[in-house]
Amino acid sequence: MAEPVIRCRSLYKIFGLGPADLRVDSDGVVAPAILEREGVVAAVNDVTLDVSPGEILIVMGLSGSGKSTLVRCLSRLIEPTSGSVEIEGADLLAMNDRELIDLRRSKMGMVFQNFALLPHRTALENIAFPLQMRGMKRRDYVERARDMIRLVGLEGRENNFPRELSGGQQQRVGIARSLAVEPDIWFLDEPFSALDPLIRKEMQDEFLRLQSLLNKTIVFITHDFDEALKLADRIAIMFNGSVEQIGRPEDIVLSPATEYVARFTSDVPRERVLRVGSVMEPPGDDENVADQAVNVSDRIEKVVEYVLGQRLPVPVVDDGGAVVGVMHQAHVLKILFPRSSPPETVNPD
Amino acid sequence: MNQAFLHGLPPERRLKGYAWLGTILFALVMVKALGVLPGFLDELPQHLERSSIDTLGDAGKEKYTELVPFDLMLDRAFDYVREDLGFSVVTRFVSRRLKELIGVFDNILRGGNKGLGLSAPPWTALMVIAFVLGYSLKGWRLAFLSGGAVMYFAIFGLWKFAMETLALLAAAVPISIVIGLLVGILAYKRKWVELALLPILSVAQTLPHFAYLIPVVVFFGIGHQTGVIATIIFAVPPMVRLTLLGLQKVSPEILEAGKMSGCTSSQLLFRVQLPSARNELLLGVNQVIMQCLAMVVIAAFIGASGLGYRLLNKLQSLKLGQSLEIGVAIVLLAVVLDGLSRAWAEKKRDYTANLPFWKRFRYPILMVGMVSAAYVLSQYFPILHKVPRDLTVTYADTWDGLVDWIVLNWTDGLTNLRYFLIANVLAPLRDTLLYMPFSAVLLLVGGLGLILGGYYSALLTLAFLVFIGLVGWWDRAMITAYMVIFATAICIVVGIPVGIWSALSERRARTALFWCDTFQTFPSFIYILPVIMLFQVNDLSAIMAVIVYAIIPAVRYTVEGIRDIAPELEEAATMAGCNTRQRLVHLQLPVAIPHIMLGVNQTIMFAFSMVIIAAFVGTIDLGQQIFKALSETNIGKGVVLGLCVSFMALAVDHLVTRWARERRQLLGLD
Ligand SMILES: Nc1ncnc2c1ncn2[C@@H]1O[C@H](COP(=O)(O)OP(=O)(O)OP(=O)(O)O)[C@@H](O)[C@H]1O
Ligand SMILES: [Mg+2]
């Protein structure tokens, strides 16, 4: 596997506590008893994670679980209490102001939940802002900002002030601004949660389109499981400042690491998470199978109607067309509805 | 402990608290009536004997028997700073530089051989500049108002004075803004500066104008530039306050966005924080201009020439007609400057790029063209250059006639009203306050503090009053208090009903707010004028001036409080079938009360500030003493007296805003 772009080890952010006061229990987290005694909040409590190049890591968790704080530590908008963060091998926390500014001018972009556009600048000027800070020439930054406007589909809105734009348009400006310096690392803190469902869906598609073009390393916070499933390579679930589990969506749903994660994911529609590969069984030798095969990387949601409509098991093929397994209808049903119990047997008199 | 320190009694126990307080007070007064109250609880050592009060003026000999000779200590401290620390070198330097600066502006506006040695511009040139400026910022109305004001100065023969005042403003305003900005930014960056500054700002906002003048005169002497210094000192605090407020209001996300854009800390300040605080900063600029104008008029007392000086001269020789014309000029100047600076602040910048040159710069081009025309034309028609003395217009005689008529026809009625008020309302109120043992007043204020805000409020307000007692001005302070109480009562009785009546209809509300806005721009000293014209100079006029000035916030806050009620609440009342009266009694008044109380608080603050200015028409309270200190340039006395006024105002302010804030929270309005 490639070197991780973001590497974070035993990261703590405890509001109201200095590094000297930080006493850690045997299992690594700061015990709730200590927090209570000191009257402090552990917003990030022993977080260790890596993000690989080109990966989308989704961070989820209840309100107040420390998602925003984690991302602000990774971008060093706030100073972690303790721990280490490396960005492409360089120690983020050891950087001085100058280096930090250089890093943000060249490598990092961030999109904010409430857009955070500068009210006195037009859309174009907002997008050009990071470029101006870099000292780019007027001609160049205007041209680049125009490119970004086109990229997010805001042509004709260049000269509008933020207050004259709809929420979705404002967030496009925010996205364009964060992408203007061509960052390798992209932080998004609930970027779409202030938008209505239709626009949100549109923005998600837009996001995927951009990512397929730009292939950035992304940390994306959301509250919305549907959104997470749609975008995630991996999901990290946070609870009280700690990462409870981190892994592919399937793994989190099928084998939750803790009771909390199990409850957190219990309402997730499984057919939307799982892929054919994770429910198939090894191909039998001389089984009768249906004529048409399904692809191993399809989501169940997509094929379930066809599979359940067949009387025979359905063969599963990989991208090359080779058969890698079969799907039995009974097994599929059991995985989709794990909690349904067999009917009580009634003895007819 | 913490609970009792910062919070007053819980609502259900308040009534009992008030009852106890009343009982104790009554008992105290009874004890005094029976003649068994020990003297040290009754009266404090004072500068002036109580018997001097009825003889109006300062007939009583100063006894200097205050408990703490704070004024003398201040005198010595100021002396030390001035002489031993050599501060006079600094003041002389500043004085000289300012004089040069004013000279330059004066020269630009009025010509002459000082400053840059330019020759005077024709008045018509200034008129067209004002006109085009008004038009480009807002439209025809502001254009005619601005141009008209300039024309008024010229044809009423007030040109010289108006230009002197403008030159003072031109020097004072930018300096105040820059100092205010710098201090505000520093306070934002350094917590301890902010903490040190907040009490100073509060005192600065309540310190009477005249109290500022005395130290300035002591350090800088009498004169034109001294007026500018006083004006700057007076106008800086609001700018500091608004800068700090604006910077603190910038949302943390915007700051983070700036940081993520790779801003250095100076880029962050100049390109993110200050621009995001734009609204507050522009409001600050407007406030600075208005404060400067108000103070420039008052600075006439220490020799700042211009419209204020002229007005003072004419008022002192009771030339009321001429005074009125000068007053109108000052008001016009205020309204125009307010209008222009507001319009400039609200102006939306036009970002449509790629306009042709002449279109982008159409107003400057227009201005240059018209100014050139004015210059050329004034070569041929001298009247367009300078209105000669014998052609200036004045209606002073008419106004004087009107005043005479008023005196002739109204005097009897007014005199009767005056005697009635004095005999039946004012004197009894004053004597009651003076009769109250000082310990009773302390008890009242401390008790209210305890009930409304806990030990913290009690100690704070008590400290304010104890200061007044210690420095030996108790009786005079009670006289100031009685005038403020009476004026406030009248303002409430008249202003709030007027406000309610206005708020009931959209059109009336807008009219009322418009007039409140307009009247509020008038420099406070101006309010003395109509009062003198109607009531002449006597003890009632002072109170009248206070009422006229202080009623504005009572009306405005009532209108705002009722109009700003959430529309859903109004709809709910409509659906519940309320008629107008029910709606008012059950919805609008209860919800608006906290805001109205803030208005009453403002009324009280305005009253305190005006009561001191009203000393000009004869009072016997702290204001009279401040005036006296000013004419004696007695710095210690002046500052102590100013602090007395400020502390009384701050004590009231603390209690009332506390109550209003709590009430708002209780109603869930925050
Ligand atoms: N500046 C701060 N000072 C003190 N405590 C803070 C601060 N910022 C956040 N916290 C606390 O840290 C905890 C985590 O906050 P954080 O904003 O990271 O949560 P979140 O997961 O992003 O929540 P949400 O989904 O509501 O945005 C919360 O309990 C919050 O109260
Ligand atoms: Mg958050």
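Thresholds applied
Residues numbered from 1 in each chain as written. Chains lettered and ligands numbered in written order. Predicted model: local features only at pLDDT ≥ 70, side-chain atom pairs only at ≥ 80, totals over all residues. Heavy atoms only, no water. Helix = DSSP H or I, 4+ residues; strand = E, 2+ residues; numbered from the N terminus. Buried < 20%, exposed > 50% of the residue type's maximum accessible area, 1.4 Å probe, protein only. Contact = heavy atoms within 4.5 Å. Areas by Shrake-Rupley, 256 points an atom, 1.4 Å probe, with all protein chains shown as cover. Lys, Arg positive; Asp, Glu negative; His and termini not counted. Charge placed at Lys NZ, Arg CZ, Asp CG, Glu CD. Rg over C-alpha atoms; globule rule 2.2 N^0.38 Å. Near = heavy atom within 4 Å. Polar contact = N/O pair within 3.5 Å; in protein donor to acceptor, adjacent residues only side chain to side chain. Nonpolar A, V, L, I, M, F, W, Y, C, P; charged D, E, K, R; others polar. Buried area = accessible area lost by both parts, 1.4 Å probe. Salt bridge = Lys/Arg side-chain N within 4 Å of Asp/Glu carboxyl O. Expected span 1.5 Å × (residues − 1). Bend = angle between axes of the 7 residues up to and from the residue. Pairing = 2+ DSSP bridges. 1 Å grid on protein atoms, 1.4 Å probe; cavity = no way out; pocket = protein on both sides within 12 Å on 5 of 7 lines; lining within 4 Å. Points joined across faces, edges and corners; volume = space filled by probe spheres on them. Phe/Tyr/Trp six-rings, centres within 6.5 Å; stacked < 30°, edge-to-face > 60°. Lys NZ or Arg CZ within 6 Å of the ring centre and 35° of its normal. Axes fitted to C-alpha atoms, helices over the stretch in contact; angles between N-to-C directions. Left-handed = near helix turned anticlockwise from the far one by under 90°. Right-handed = clockwise from strand over helix to strand, strands pointing away. Domains from an automatic or database assignment.

Trainee: I'm lost on the overall build of chain A in this one. Help?
Mentor: Across its full length, chain A carries 13 helices and 13 strands. Judged by the C-alpha coordinates and their principal axes, chain A covers about 80 × 55 × 40 Å. When each of the 349 residues of chain A is scored for burial, the buried share is 50%. Of the contacts formed within chain A by residues at least 6 apart in sequence, a portion of 66% connects residues at least 24 apart. Of the roughly 16,800 Å² that chain A leaves accessible, carbon and sulfur atoms contribute 48%. Of the side chains in chain A, 40 bear a positive and 53 a negative charge, and the two mean positions are spaced by 9 Å.

Trainee: Can you help me understand the overall build of chain B in this one?
Mentor: Of the regular secondary structure elements, chain B holds 28 helices and zero strands. Against the compact-globule benchmark of 26 Å for 670 residues, chain B has a radius of gyration of 27 Å, which places it among compact chains. Projected onto its principal axes, the C-alpha coordinates of chain B cover approximately 85 × 60 × 60 Å. For chain B, the residues scored as buried account for 51% of the 670 residues in total. Within chain B, counting contacts between residues at least 6 apart in sequence, those at least 24 apart form 79% of the total.

Trainee: Sorry if this is basic, but what is going on with the site of ligand 1 here?
Mentor: All names here are of chain A. Lining the immediate surroundings of ligand 1 are 13 residues, of which Ser63, Gly64, Lys67, Ser68 and Thr69 lie closest. Measuring from an oxygen atom of ligand 1, one finds a backbone N or O atom of Ser65 at 3.3 Å. Lys67 has a polar side-chain atom sitting 2.8 Å from an oxygen atom of ligand 1. Among the secondary structure elements, those contributing two or more residues to the shell around ligand 1 are β2 (41–51) and α2 (67–74). Here the shell around ligand 1 is built from residues that sort into four nonpolar, seven polar and two charged.

Trainee: Help me understand the interface of chain B and chain A in this model?
Mentor: Size of an interface, as often reported, equals the accessible area lost when the parts are brought together. Across the boundary between the two partners, chain B contributes 19 residues, which contact 32 residues of chain A. Both faces considered, chain B and chain A share a buried interface measuring about 2,200 Å² in area, 59% of it formed by carbon and sulfur atoms. Notably, a salt bridge pairs A:Arg72 with B:Glu256, separated by 2.7 Å at the nearest N-O pair. If you look at where chain B meets chain A, you find seven residue pairs in polar contact (both at pLDDT 80 or more). A total of seven residues in the side of chain B that touches chain A trace back to one element, the largest contributor, which is helix α12 (residues 252–260) of chain B. Looking at the side of chain B that touches chain A residue by residue, the classes come out as seven nonpolar, six polar and six charged.

Trainee: Hey, could you run me through the pattern of salt bridges in this one?
Mentor: Two side chains bearing opposite charge may form a pair once their charged atoms approach each other closely. Residue and element names in this part refer to chain A. Scanning the entire structure with this criterion turns up 39 salt bridges over all chains. Note that Glu250 and Arg275 form a salt bridge whose closest N and O atoms lie 3.2 Å from each other. Of this pair, Glu250 sits in helix α9 (residues 249–254) while Arg275 is found in the loop between α11 (270–273) and β11 (294–295), placing the two residues 25 residues apart along the sequence. The exposure class assigned to Arg275 is partly exposed, which follows from its relative accessible area of 27%. If you follow the salt bridges from partner to partner, you end up with Arg172, Glu202, Glu206 and Arg209 in one network.

Trainee: Help me understand helix α19 (residues 396–435) of chain B in this model?
Mentor: The periodicity of an α-helix, 3.6 residues per turn, causes residues three or four positions apart to be oriented the same way. Residues and elements named next belong to chain B. Taking 1.5 Å of rise per residue, the 40 residues of α19 would be expected to cover 58 Å, yet its terminal C-alpha atoms sit only 46 Å apart, more than 12% below that figure. Helix geometry: α19 is bent most strongly at Trp410, by close to 60°. Listed in full, the buried residues belonging to α19 are Ala396, Val403, Ile406, Leu421, Leu426, Arg430, Leu433 and Leu434. The inward-facing, buried residues of α19 abut α16 (320–346), α21 (474–503), α23 (528–535) and α24 (539–563).

Trainee: How should the sheet that holds strand β12 (residues 314–317) of chain A be read in this particular structure?
Mentor: Paired through backbone hydrogen bonds, the strands of a sheet run either parallel or antiparallel to each other. With respect to topology, three strands assemble into an open sheet ordered β11-β12-β13 (chain A), the strand pairing being mixed. Among the strands making up the open sheet, the edge pair consists of β11 and β13 (323–327) of chain A.

Trainee: Just checking my understanding: could you explain the side chain of B:Arg556 for this structure?
Mentor: Relative to the helices and strands, B:Arg556 is located in helix α24. Polar contacts involving the side chain of B:Arg556 include one to the side chain of B:Gln520, which spans 2.5 Å.

Trainee: Even after reading the chapter, I still don't get empty space enclosed by the protein, so can you show me in this structure?
Mentor: Unoccupied space between atoms shows up once a probe the size of one water molecule is rolled over them. Following the criterion strictly, the structure yields one cavity of 30 Å³ or more and no others. In terms of lining, the largest cavity is formed by A:Met108, A:Gly109, A:Met110, A:Phe112, A:Pro130, A:Arg177, A:Ser178, A:Val181, B:Ala257, B:Met260 and B:Ser261. For the lining of the largest cavity, the elements supplying multiple residues, two or more each, are β6 (108–111) and α6 (167–179) of chain A together with α12 of chain B. Among the elements that make up the lining of the largest cavity, the one with the highest residue count is β6(A) (three residues). A per-class count over the lining of the largest cavity returns seven nonpolar, three polar and one charged.

Trainee: What should I look at first to understand the pairing of strand β4 (residues 82–87) of chain A in this one?
Mentor: For a regular strand, side chains alternate in direction, first toward one face of the sheet and then toward the other. Residues and elements named next belong to chain A. As defined by bridge partners, strand β1 (residues 6–15) adjoins β4 across five bridges and the pair is classed as antiparallel. From the neighbouring strand, Arg9 faces β4, where its bridge partner is Ser84. Sheet analysis places β4 next to strand β5 (residues 90–91), joined by two bridges and oriented antiparallel. Residue pairing in the sheet places Ile87 in a bridge with Ala90 of β5. Linking β4 to β5, which pair antiparallel, is a turn of two residues; within it Glu88 sits at a positive phi near 50°.

Trainee: I would appreciate a short explanation of the packing of aromatic side chains in the present structure.
Mentor: When we look at a pair of aromatic rings, we describe it by the centre distance and by the angle of the planes. All names here are of chain B. Per the stated rule, a full pass over the model turns up 33 aromatic pairs over all chains. Aromatic side chains Phe78 and Phe219 sit 5.7 Å apart centroid to centroid with 70° between the ring planes, which places their arrangement in the edge-to-face category. Of this pair, Phe78 sits in helix α4 (residues 70–84) while Phe219 sits in helix α10 (residues 209–220), and the two are 141 residues apart along the sequence. When the ring centre of Tyr435 is taken as reference, the NZ or CZ atom of Lys32 above it lies at 4.2 Å. Between Arg508 and the ring centre of Trp501, over which it is positioned, the NZ or CZ distance is 4.1 Å.

Trainee: Where do I start with the packing of helix α22 (residues 506–521) of chain B against α24(B) in this structure?
Mentor: The relative placement of two packed helices comes down to the angle between their axes together with the axis-to-axis distance. Residue and element names in this part refer to chain B. The geometry of α22 relative to α24 is characterised by a closest axis approach of 10 Å and an angle of 145° between their N-to-C directions. The crossing of α22 and α24 is left-handed. Contact with α22, carried on its side by Glu506, Ala509, Ala512, Leu513, Cys516, Asp517, Phe519 and Gln520, involves Ile552, Val555, Arg556, Val559, Glu560 and Arg563 of α24 and no other residues of that element. Taken together, the residues of the contact of α22 with α24 sort by class into eight nonpolar, one polar and five charged.

Trainee: Any chance you could explain α23(B) here in plain terms?
Mentor: Residues and elements named next belong to chain B. With respect to burial, α23 is a largely interior element, six of its eight residues being buried. Turning to α23, its buried residues are Ile528, Leu529, Val531, Ile532, Met533 and Phe535. Packed against the buried residues of α23 are α15 (307–316), α16, α19, α24 and α26 (580–613). Directly beyond the C-terminal end of α23, a positive phi value near 60° is found at Gln536.

Trainee: Explain the pairing of strand β8 (residues 217–221) of chain A here, please?
Mentor: All names here are of chain A. Where burial is concerned, most of β8 is hidden: five out of the five residues are buried. Burial of β8 is two-sided: the residues Thr217, Val219 and Ile221 facing one way and the residues Ile218 and Phe220 facing the other way are all buried. With four bridges joining them, strand β3 (residues 56–61) and β8 adopt parallel strand pairing. The residue of β8 that forms the bridge with Ile56 is Ile218. Examined bridge by bridge, strand β7 (residues 185–189) and β8 share five bridges and lie parallel to one another. Bridge pairing in β8 links Asp189 to Ile221. Note on the crossover from β7 through helix α7 (residues 197–214) to β8: the handedness is right-handed.

Trainee: Just checking my understanding: could you explain the sheet that holds strand β9 (residues 234–239) of chain A for this structure?
Mentor: Residues and elements named next belong to chain A. As summarised here, the arrangement of the six strands in space is β6-β7-β8-β3-β9-β10, forming an open sheet in which the pairing is mixed. Each edge of the sheet is formed by a strand with only one pairing partner; in this case those strands are β6 and β10 (242–247). Going from strand to strand, the sheet's axes swing by 15° on average, the running direction of each strand aside. Two strands pair when backbone bridges link them, and β3 and β9 are joined in this way by five bridges, in the parallel orientation. Bridge pairing links Met60 to Ile237 in β9. The sheet contacts of α7 involve β3, β7 and β8, and relative to β8 the element is tilted by about 165°.

Trainee: Could you clarify how one ought to interpret the domain arrangement of chain A in this entry?
Mentor: All names here are of chain A. Domain assignment breaks chain A into domain 1 (6–270) and domain 2 (271–336). Relative to domain 2, the C-alpha centre of domain 1 lies at a distance of 36 Å. With nine residues of domain 1 at the contact, the number on the domain 2 side is nine residues. Carbon and sulfur atoms supply 59% of the area that domain 1 and domain 2 bury against each other, a total of about 890 Å² over both sides.

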